[in-house]
Amino acid sequence: MAEQSDVLVIFGITGDLAKVMTFGSLYRLERRGKLSCPIVGVASDSWTMDDLRTHALAAITGTGVEVDDAVFDRLMDRFSYISGDFLADDTYNRIAAAIPDAQAPAFYLEIPPSLFGRVVQHLSEAGLTRNARVIVEKPFGHDLASAKALNDELHTYIDEQQLYRIDHFLGKMPVEDILYLRFGNQMLEPIWNRRYIQCIEITMAENFGVADRGSFYDPVGCLRDVVQNHLLQVLSMVAMEPPAGVGTDIINDRKRDVFMAMPPADPGHYVRGQYDGFLDVVGVAPNSTTETYCALRLDVENWRWHGVPFFIRAGKALPERVTEVRVVFRRPPPLPIASSRAHHPSPNELVLRIDPDPGARLQLVAKAADGQGFRDIHLDMEFSDEGGDGPTPYEELLSAAMAGDKDNFADQNAVDETWRVVQPLLDNPPPVISYEQGTWGPAEANRLTKAYGGWREPWLGA
């Protein structure tokens, strides 16, 4: 069993990610009795502990949590704070002095990726990386070459088993549920293949624009921001083979197998869009060709999935905020029990809604209420109604990293493979096509799915 981390050191504790995600997650872990170690916050701001405490309380309440004073006091009693330059030796000397007895420290780097290598180098030179875990945020590279270079730089000081790449999608309970639904239900596995499945659609729609994040988003775009990481990880869980045995690498190995079976993406099956008004966002270049929407087809060339297209679409300023996986089964033949043979039964569909209000929908066919034809019926279930809400993604991932559980973290091979798959789309992107805010993106995206019944309207729940 992996050793539990005995201290958590957070670089960038005064930053936006800590404000939006980290403090709230740590509070929830404390409330559930899942924290057992001291926490050291590191940042360049000249804050006192009172400043940190005030900031933490505002951050936690800002997530909608009603704070229990006793829980908050316990959490803040774990904290100490070090102000210093991330590139100065003295900062790391003071970190070492603050954790003299740590045998299994966890270092969480909530900082720009350009600093990952330098910070880990300083940690190594200060003698702090032996038996340590290093947790880093995305993006891990901006293409295949940069991802490999970053890996090589980090592996100079730590090995792959010490490195935990956070993708918060992998901490979402409904994403984890993909594996449980697939492999915990005997009725699904026999039909989870090319013989019975027509296509798979993965949608990640956001009904808001870039807002004040133009300077971040413009160099990145939709493909890098959510497809190469979040949605390809989701795809791998839909397509992977059953894990055999136990161990931290088993599931990651099966995901890697999926990526290795994927040919490089074809730019001819790729549509890029940009919503009207994006060029007016502060921080966006006046002539930017960055995509705020993308739709693409990917294939998995193995025995299970040959001939089954995986369609992905993602974008901002769309009509709804919803993320779902939709498995579309092959259409049954016409049946003589129907009054009109011109109306074939619709394909069965299984929908897993990841966000918001996680749940599952099974679309079946039954007799029409007003005649002998067919009608679609839906068996819907929201996970919160069947056992309550689980931990938030960052609760799950921080807890797993400190426990040494790597199942929900992307490994080097998988990261390299996902960049390999999308690299042709980065090298030879089609022109961006403008689309009106509040629509489902450029009409040109419809050609990708035309032969398979078109894009399905997402399931939005009640």
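Up top you'll find the structure we're talking about.
Nothing here was measured: the structure is a model prediction, and the numbers come from that model.

Enquirer: So what exactly am I meant to see when it comes to the overall build of the protein chain here?
Expert: For the protein chain, the count of helices and strands is 13 helices and 15 strands. At 24 Å, the protein chain has a C-alpha radius of gyration in line with the 23 Å of a compact globule built from 462 residues. In terms of overall dimensions, the protein chain has C-alpha extents of about 80 × 50 × 40 Å along its principal axes. Evaluated residue by residue, the protein chain yields a buried proportion of 51% over its 462 residues. Relative to all contacts within the protein chain whose residues are 6 or more apart in sequence, the contacts with residues 24 or more apart total 77%. Surface accessibility of the protein chain: about 20300 Å² in total, with carbon and sulfur atoms responsible for 51%.

Enquirer: Quick question: what am I supposed to make of the pattern of salt bridges here?
Expert: Two side chains carrying opposite charge are able to pair once their charged atoms lie near each other. Tallied over the entire structure, the rule returns 22 salt bridges. Measuring nitrogen to oxygen at the nearest pair gives 2.7 Å for the salt bridge that ties Glu206 to Lys316. On the criterion of sequence distance, the pair formed by Glu206 in the loop between β7 (197-205) and α8 (214-217) and Lys316 in the loop between β10 (310-315) and β11 (322-329) is long-range, its members being 110 residues apart. Its relative accessible area of 4% is what places Lys316 among the buried residues. Several salt bridges share partner residues, and in doing so they unite Glu201, Glu324, Arg326, Glu349 and Arg456 into one network.

Enquirer: I would appreciate a short explanation of the state of the cysteines in the present structure.
Expert: Structurally, a disulfide amounts to a covalent bond that connects the sulfur atoms of two cysteines. Per the stated rule, a full pass over the model turns up zero disulfides. Just so you know, Cys199 is unpaired, no disulfide at all, and the nearest cysteine sulfur is the one on Cys294, 18 Å from it. We classify Cys199 as buried; its relative accessible area is 0%.

Enquirer: Just to check I follow, could you spell out the packing of helix α9 (residues 221-239) against helix α10 (residues 250-260) for this structure?
Expert: The relative placement of two packed helices comes down to the angle between their axes together with the axis-to-axis distance. Two elements in contact, α9 and α10, have axes separated by 9 Å at closest approach and are oriented at 100 degrees. Relative to α10, the element α9 lies roughly perpendicular. Of α10, the residues touching α9 (which contributes Leu232, Gln233, Leu235, Ser236, Met237 and Ala239) are Lys255, Val258 and Phe259. For the contact of α9 with α10, a count of residues per class yields six nonpolar, two polar and one charged.

Enquirer: Looking at this model, I keep getting lost on the environment of Gln274. Mind explaining?
Expert: Inspection of the secondary structure puts Gln274 in strand β8 (residues 270-275). Sequence spacing of Gln274 and Leu352 is 78 residues, and the spatial spacing of their C-alpha atoms is 27 Å. If near-sequence neighbours (up to four positions away) are discounted, Gln274 is found in contact with Leu279, Ser288, Thr289, Thr290, Thr292, Val432, Ile433, Ser434 and Tyr435. There is a polar contact of 3.2 Å between the side chain of Gln274 and the backbone oxygen of Ser288.

Enquirer: How should the sheet that holds β7 be read in this particular structure?
Expert: Sheet strands associate in pairs through backbone hydrogen bonding, adopting either a parallel or an antiparallel arrangement. Within the open sheet, the nine strands sit side by side as β14-β13-β12-β11-β7-β10-β9-β8-β15. Their pairing is mixed. Strand pairing shows two members of the sheet lacking a second neighbour, β14 (374-382) and β15 (432-435), which therefore form its edges. Strand-to-strand, the axes of this sheet are offset by a mean angle of 20 degrees, without reference to chain direction. Pairing between β7 and β10: six bridges, direction parallel. Among the inter-strand pairings, Ile200 is bridged to a residue of β10, identified as Phe310. Packing of helix α7 (residues 173-183) onto the sheet brings it into contact with β11 and β12 (349-355), and relative to β12 it is tilted by some 150 degrees.

Enquirer: Teacher, can you tell me more about the pairing of β7 here?
Expert: Within a regular strand, side chains alternate between the sheet's two faces. Of all the nine residues making up β7, nine are buried; the element is thus mostly covered by neighbouring parts of the structure. The sheet contact formed by β7 and β11 spans eight bridges and is antiparallel. In the strand pairing of β11, Ala205 is matched with Val322.

Enquirer: Before we go on, may I ask you to explain the pairing of strand β9 (residues 293-298) in this structure?
Expert: The buried fraction of β9 is high, at six of six residues. Of the two faces of β9, the one carrying Tyr293, Ala295 and Arg297 and the one carrying Cys294, Leu296 and Leu298 are both buried. Relative to β9, β8 runs antiparallel, the two sharing four bridges. Each bridged residue has a counterpart across the sheet, and for Arg272 the counterpart in β9 is Cys294.

Procedures and definitions
Residues numbered from 1 in each chain as written. Predicted model: local features only at pLDDT ≥ 70, side-chain atom pairs only at ≥ 80, totals over all residues. Heavy atoms only, no water. Helix = DSSP H or I, 4+ residues; strand = E, 2+ residues; numbered from the N terminus. Rg over C-alpha atoms; globule rule 2.2 N^0.38 Å. Buried < 20%, exposed > 50% of the residue type's maximum accessible area, 1.4 Å probe, protein only. Contact = heavy atoms within 4.5 Å. Areas by Shrake-Rupley, 256 points an atom, 1.4 Å probe, with all protein chains shown as cover. Salt bridge = Lys/Arg side-chain N within 4 Å of Asp/Glu carboxyl O. Disulfide = S-S within 2.5 Å. Axes fitted to C-alpha atoms, helices over the stretch in contact; angles between N-to-C directions. Parallel < 35°, antiparallel > 145°, perpendicular 65-115°, else oblique. Nonpolar A, V, L, I, M, F, W, Y, C, P; charged D, E, K, R; others polar. Polar contact = N/O pair within 3.5 Å; in protein donor to acceptor, adjacent residues only side chain to side chain. Pairing = 2+ DSSP bridges.

So far we have only geometry, and geometry alone does not tell us how the molecule works.
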